[in-house]
Amino acid sequence: MGKAKRRSFHLGINKQFSNMSRKSAIKEVVRQLKNEDDKNEAYSLITMFGMYAEELLEAGVSYETVMSLRGIVKE
């Protein structure tokens with residue numbers, strides 16, 4: 001994890017996690033996108049880790065959801 005991500009975690013931007021791998025971040029994004037209340041947290045994780053559309057599709061996010069995130073996820 002880079003310095004900026006570590007600093008963001010310590011500043012409390014994402015208070016529920018102290019250390020997260022890319023793999024666990026993808027799993028958390030999938031869980032949060034399925035839950036309507038946590039979409040803002042999912043967006044911040046997507047941008048923080050620079051996730052690709054293909055990663056999210058392989059993890060189980062629907063195609064329609066990934067296409068709605070076109071401005072956030074990398075292609």
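Computed from a predicted model, the values in this text were never measured in an experiment. (Residues numbered from 1 in each chain as written. Predicted model: local features only at pLDDT ≥ 70, side-chain atom pairs only at ≥ 80, totals over all residues. Heavy atoms only, no water.)

**What to know about the overall build of the protein**
So, step 1. Assigned secondary structure in the protein consists of five helices and zero strands.
So, step 2. Scored against the burial criterion, the 75 residues of the protein give a buried share of 35%.
So, step 3. Look at the contacts in the protein between residues 6 or more apart in sequence, and 44% of them connect residues 24 or more apart. (Helix = DSSP H or I, 4+ residues; strand = E, 2+ residues; numbered from the N terminus. Buried < 20%, exposed > 50% of the residue type's maximum accessible area, 1.4 Å probe, protein only. Contact = heavy atoms within 4.5 Å.)

**Focus: the confidence of the model for the protein**
So, step 1. Scored by pLDDT, the protein comes out at a mean of 83, with 77% of its residues at no less than 70.
So, step 2. Ranking the helices and strands of the protein by mean pLDDT puts helix α4 (residues 53-59) first, with 94, and helix α1 (residues 3-11) last, with 66. (pLDDT = per-residue confidence, 0-100.)

**Quick look at the packing of helix α2 (residues 22-34) against helix α3 (residues 39-49)**
Between two packed helices, the angle of one axis relative to the other and the distance separating the axes together describe the packing.
So, step 1. One can describe the packing of α2 onto α3 by two numbers: an axis separation of 8 Å at closest approach and a directional angle of 150°. Between α2 and α3, the interaxial angle falls into the category roughly antiparallel. At the point where α2 passes α3, the crossing takes the left-handed sense. Contacts between α2 and α3 pair Arg 22, Ala 25, Glu 28, Val 29, Gln 32 and Leu 33 from the former with Lys 39, Glu 41, Ala 42, Tyr 43, Leu 45, Ile 46 and Phe 49 from the latter.
So, step 2. A per-class count over the contact of α2 with α3 returns eight nonpolar, one polar and four charged. (Axes fitted to C-alpha atoms, helices over the stretch in contact; angles between N-to-C directions. Parallel < 35°, antiparallel > 145°, perpendicular 65-115°, else oblique. Left-handed = near helix turned anticlockwise from the far one by under 90°. Nonpolar A, V, L, I, M, F, W, Y, C, P; charged D, E, K, R; others polar.)

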